[in-house]
Amino acid sequence: MNEPKPMNPHGSGWANELAAVDEAYLHYKMADKISTCIIGSGNWATTIARNVGRNVAAMANTMEPKVYMYVYEEIVEGRKLTEIINTTHINVKYMPDFVLPENIVAVDDIVTAARDSDILIFAIPPTFVSSCCKTLLGKVKPTAHAVSLIKGFERGDDGQIILISQIIMRQLKVSCSVMVGCNLAHELANDNFAEGTVGCRDQKYYRVLRDIFKSETFRVVVTEDADCVEICSTLRNIIAFAAGCSDGMELNENTKAGIIRRGFLEMLQFVDVFYPGCRMGTFFEACGISDLVTSCYANRNRKLAEAFVKTGKPLCELEHILISGHEPLGPVTAELVHILLKKKGLVDKFPLFTTVYKICMGDLPLTRLVEALCQASEDIFHPQHTFQL
Amino acid sequence: MADKVNVCIVGSGNWGSAIAKIVGANASALPEFEERVTMFVYEEMIDGKKLTEIINETHENVKYLKGHKLPPNVVAVPDLVEAAKNADILIFVVPHQFIPNFCKQLLGKIKPNAIAISLIKGFDKAEGGGIDLISHIITRHLKIPCAVLMGANLANEVAEGNFCETTIGCTDKKYGKVLRDLFQANHFRVVVVDDADAVEVCGALKNIVACGAGFVDGLKLGDNTKAAVIRLGLMEMIRFVDVFYPGSKLSTFFESCGVADLITTCYGGRNRRVSEAFVTSGKTIEELEKEMLNGQKLQGPPTAEEVNYMLKNKKLEDKFPLFTAIHKICTNQLKPKDLIDCIRNHPEHMDTSIMPSPKL
């Protein structure tokens, strides 16, 4: 990702250069506190705003305590939403009964919110990412660092999966980390214990990102494997959909476990092929195994699939009923993954992903889901040599 | 020409009969096996008739697997030594407390080059404390190698031909193929790994995690918390195997005996169910075992106890906060609601919460 730095023509070497950079950074750090803003005001943004607000206030010697939150202006019961948030500290629209810290300041202009921030936390629906980045381009600090909390991806021209963090990096020209793992905002808001994983693309923010998101009940683990963190949370939609199909067909628990396990293996293999260099350890973080398990037992995709099986209606009819305003990621992900696999001639190596796609398309009957598993060969993934405990 | 491989199933319970269906069918279909499979059946009288006679005439184990036909080449034998004496592969599927006694009866009476495979879930308490694996007991008593078969399997589902997967752990690679061929069926997928201990230990440890998942359900903490407990449980399982059974491989945890079995147990198993009731009803585990399981013993709490003993010996309790907390909750040293406080500062979050990757 990083541009290779040109060698110093005067031959003073890397060491001096790096020392100079370090010194500049240290100076910069002494002079300026790191400031943070949150872009978005939905329930997930609001929930995380509480953690961020509390944490930066506690770290007042290194962090700027005031945190701007960009709120899409709406009129709620005759009052502006930003005004309500700033006076009552409650986001009445998306998280009533949930009090935000006073250092969270709602603003209705995205540039005002982001202009002076070092850390930009994106928590908006995926469809708004591009337009927000366009508005912000050139208006944020060139050293700013983005963090995407957004689930989803965009479809590239040639059918590629473009991850949200890649869109942000491409369009905003800043590096972008991701945080995933905990997918139910209200549980986090209720202070139920949960875990999240940060995939961080900038070394100097490893510690900062953990420290601003964590809380007593929300544990954050930081890894540098950002691609893997994000792609995991995308691929699991396919598996959740398959798990939902199995629920819909009322297959038993062990069959479902077989589907989940197969999906997990295909996830490993997919990452290995398309995002080489990722680490096995990342799959054991919240973004991997926990997120997968949660979605296979409690997620919209799963519910959609269950309804798909039980009602026999085509997907396009069900989506609107079940998931208003949200993209049903399972089928779409399956489609994009299928395109990628086809290009590489690997369709046969991913029987579960492929079968899910074909079932969504109506090309295969549901019963093929289990048949695919029965016929799947086990040479799919051979981690034996590499992963001695 | 090498002789055909003789197979004997020691045990005729629910799981033994279900597996006899598959093994019997394979033995008659595949040329390398002797068609006749003996099954040791503990003789009982059913409506005035001997169980072995019923099985050999009607090919149905009316007592333990009603409604399913066994292949006719599975022959019930009431005498243990008679059933086992010619066998090259001994499949053990009896309650674990019978194992030492059975092994004593068999010692010296079986082929010296026979191998055993244990389908027994559970473990024995080692002298003094700690876990003694069933396969180790068999090897110790019978002086033959012992493989294990574990996975997300329920006898009735397997018998009905529902799809499921399983894992065979077999240390000696040369037996891998024959064991797979013997158990593999279209709906019953077998993967062989050479990591027998890890396979067997997973089967025991998952029950501890399931108790934790049950407590979370009982406390109504939601799906994310449950997922976190399952994940931390998996990490502690991996760590435990690494400490006590060194040389095991991470990939074993990806097999059916690992994640798949863990997930089903945490969402469906009876350890989870009873642990949930433990929280909501406030009754003791013993009372609930009587009420919900007809007095059958739950495996999670005793496993937690033995594991705790092993951890204490190595002074590793604080490295395994989840296992430790579950043991303390089962033994009333802690309240269920304290579970989360115990894992809040989990080593997974503290030691390694920045750049955890190299640990695997």
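- The name given to chain B in an unreviewed UniProt entry is Glycerol-3-phosphate dehydrogenase [NAD(+)], with Drosophila pseudoobscura pseudoobscura as the source organism.
- Listed in UniProt under the heading Catalytic activity (unreviewed entry), the comment for chain B reads: "sn-glycerol 3-phosphate + NAD(+) = dihydroxyacetone phosphate + NADH + H(+)".
- On record in UniProt, under Subcellular location (unreviewed entry), the comment for chain B is "Cytoplasm".

- An unreviewed UniProt entry lists chain A under the name Glycerol-3-phosphate dehydrogenase [NAD(+)], from Drosophila persimilis.
- Recorded in UniProt for chain A, the comment headed Catalytic activity (unreviewed entry) runs: "sn-glycerol 3-phosphate + NAD(+) = dihydroxyacetone phosphate + NADH + H(+)".
- In its Subunit (unreviewed entry) section, UniProt records this for chain A: "Homodimer."

Focus on the overall build of chain A
- The helix and strand tally for chain A stands at 17 helices and 14 strands.
- Expressed as a percentage of the 389 residues in chain A, the buried residues total 59%.
- Pairs at least 24 residues apart make up 73% of the contacts formed inside chain A by residues separated by at least 6 positions.
- Only carbon and sulfur atoms are counted for the fraction: they give 53% of the accessible area of chain A, which is about 16500 Å².

Looking at the UniProt feature "binding site: NAD(+)" (unreviewed entry) in chain B
Residues and elements named next belong to chain B.
- The sites that carry the UniProt feature "binding site: NAD(+)" (unreviewed entry) are, in the present numbering, Gly 11, Ser 12, Gly 13, Asn 14, Trp 15, Gly 16, Phe 98, Ala 155, Arg 270, Lys 297 and Gln 299. In terms of the greatest pairwise C-alpha distance, the residues named above, spread along 289 residues, do not form a single cluster, extending to 23.0 Å across.
- On the secondary structure map, Gly 16 appears in helix 1 (residues 14-29).
- The residues touching Gly 16, leaving out its near neighbours within four places in the chain, are Ile 9, Gly 11 and Val 93.
- Locating Phe 98 in the fold gives a position in the loop between strand 6 (89-92) and helix 4 (99-106).

Examining the packing of helix 8 (residues 196-219) of chain B against helix 11 (residues 270-281) of chain B
All names here are of chain B.
- For the pair helix 8 and helix 11, the least separation of the axes is 7 Å and the interaxial angle reads 40 degrees. Here helix 11 runs oblique to helix 8, going by the angle between their axes. Considering only the axes of helix 8 and helix 11, their crossing is right-handed. Here Asn 207, Ala 210, Cys 211, Ala 213, Gly 214, Phe 215, Asp 217, Gly 218 and Leu 219 of helix 8 lie close against helix 11, whose contacting residues are Asn 271, Arg 272, Ser 275, Glu 276, Phe 278, Val 279 and Thr 280.
- Partitioned by chemical class, the residues of the contact of helix 8 with helix 11 number 7 nonpolar, 6 polar and 3 charged.

Remarks on the interface of chain B and chain A
- Counting residues at the interface gives 56 residues for chain B and 53 residues for chain A.
- Here chain B meets chain A over a buried area of about 5000 Å², counting both sides, of which 62% is carbon and sulfur.
- Looking at the side of chain B facing chain A, the largest losses of area belong to Phe 163, Asn 224 and Phe 254 of chain B, adding up to 16% of the total buried there.
- On inspection of chain B and its partner chain A, the count reaches 5 salt bridges.

What about the environment of Thr 171 of chain B?
All names here are of chain B.
- Position of Thr 171 among the secondary structure elements: in the loop between strand 11 (164-169) and helix 7 (176-183).
- What makes Thr 171 exposed here is its relative accessible area of 60%.
- Here the alpha-carbon distance between Thr 171 and Val 192, two residues 21 residues apart in the chain, equals 9.7 Å.
- With sequence-adjacent residues up to four places away left out, Thr 171 is seen in contact with Asp 194 and Ala 196.

Some remarks on the sheet that holds strand 7 (residues 104-107) of chain A
All names here are of chain A.
- A sheet is described by the order of its strands in space; here 8 strands give the open sequence 7-2-1-8-9-12-13-14, paired in mixed fashion. Whereas interior strands pair on both sides, the edge strands pair on one side only; in this sheet they are strand 7 and strand 14 (218-223). Neighbour-to-neighbour, the strand axes of the sheet open up by a mean angle of 25 degrees, direction not taken into account.
- As defined by bridge partners, strand 1 (residues 36-39) adjoins strand 8 (residues 119-122) across 4 bridges and the pair is classed as parallel. Within strand 8, the position partnered with Ile 39 by the bridge is Phe 122.
- Sitting on the sheet, helix 9 (residues 226-248) touches strand 12 (175-180), strand 13 (194-199) and strand 14, and the angle it makes with strand 12 is about 45 degrees.

Regarding the nonpolar core
- With 120 residues, the main nonpolar core has Phe 270 of chain A together with Phe 240 and Phe 323 of chain B as its most contacted residues.
- For this core, the element with the most residues is helix 8 of chain B, which contributes 12 residues.

Notes on the packing of aromatic side chains
- Applying the stated criterion across every chain yields a total of 17 aromatic pairs over all chains.
- With centroids separated by 6.0 Å and ring planes inclined at 20 degrees, the aromatic side chains of Phe 350 of chain A and Phe 353 of chain A adopt a geometry described as stacked. Like Phe 353 of chain A, Phe 350 of chain A is buried.
- Taking 6.5 Å as the distance between ring centres and 65 degrees as the angle between the ring planes, the aromatic pair formed by Phe 240 of chain B and Phe 323 of chain B counts as edge-to-face.

A word on the sheet that holds strand 6 of chain B
All names here are of chain B.
- Ordered by their spatial adjacency, 8 strands build an open sheet running 5-2-1-6-7-10-11-12, and the pairing between neighbours is mixed. Each edge of the open sheet carries a strand with a single partner, namely strand 5 (74-77) and strand 12 (188-193). Looking at each pair of strands side by side, their axes are set apart by 25 degrees on average, direction ignored.
- Pairing between strand 1 (residues 5-10) and strand 2 (residues 33-40): 5 bridges, direction parallel. Residue pairing in the sheet places Ile 9 in a bridge with Met 39 of strand 2.
- Along the sheet, helix 1 makes contact with strand 1, strand 2, strand 5, strand 6, strand 10 (146-150) and strand 12, crossing strand 2 at roughly 165 degrees.

Considering the domain arrangement of chain A
Residue and element names in this part refer to chain A.
- Partitioning chain A into structural domains gives domain 1 (32-224) and domain 2 (229-375).
- Relative placement of domain 1 and domain 2: their C-alpha centres are 28 Å apart.
- Each side of the interface is counted separately: domain 1 has 23 residues, and domain 2 has 24 residues.
- Between domain 1 and domain 2, a total of about 2100 Å² is buried, with carbon and sulfur atoms accounting for 60% of that surface.
- If you sort the residues of domain 1 by the area they bury against domain 2, Phe 153, Arg 155 and Ile 161 come out on top, with a joint share of 28%.

Reading the values: rules and limits
Residues numbered from 1 in each chain as written. Chains lettered and ligands numbered in written order. Predicted model: local features only at pLDDT ≥ 70, side-chain atom pairs only at ≥ 80, totals over all residues. Heavy atoms only, no water. UniProt positions renumbered as here; feature names shortened; annotations may be inferred. Helix = DSSP H or I, 4+ residues; strand = E, 2+ residues; numbered from the N terminus. Buried < 20%, exposed > 50% of the residue type's maximum accessible area, 1.4 Å probe, protein only. Contact = heavy atoms within 4.5 Å. Areas by Shrake-Rupley, 256 points an atom, 1.4 Å probe, with all protein chains shown as cover. Axes fitted to C-alpha atoms, helices over the stretch in contact; angles between N-to-C directions. Parallel < 35°, antiparallel > 145°, perpendicular 65-115°, else oblique. Left-handed = near helix turned anticlockwise from the far one by under 90°. Nonpolar A, V, L, I, M, F, W, Y, C, P; charged D, E, K, R; others polar. Buried area = accessible area lost by both parts, 1.4 Å probe. Salt bridge = Lys/Arg side-chain N within 4 Å of Asp/Glu carboxyl O. Pairing = 2+ DSSP bridges. Core = buried A, V, L, I, M, F, W, Y, C linked by side-chain atoms within 4.5 Å. Phe/Tyr/Trp six-rings, centres within 6.5 Å; stacked < 30°, edge-to-face > 60°. Domains from an automatic or database assignment.

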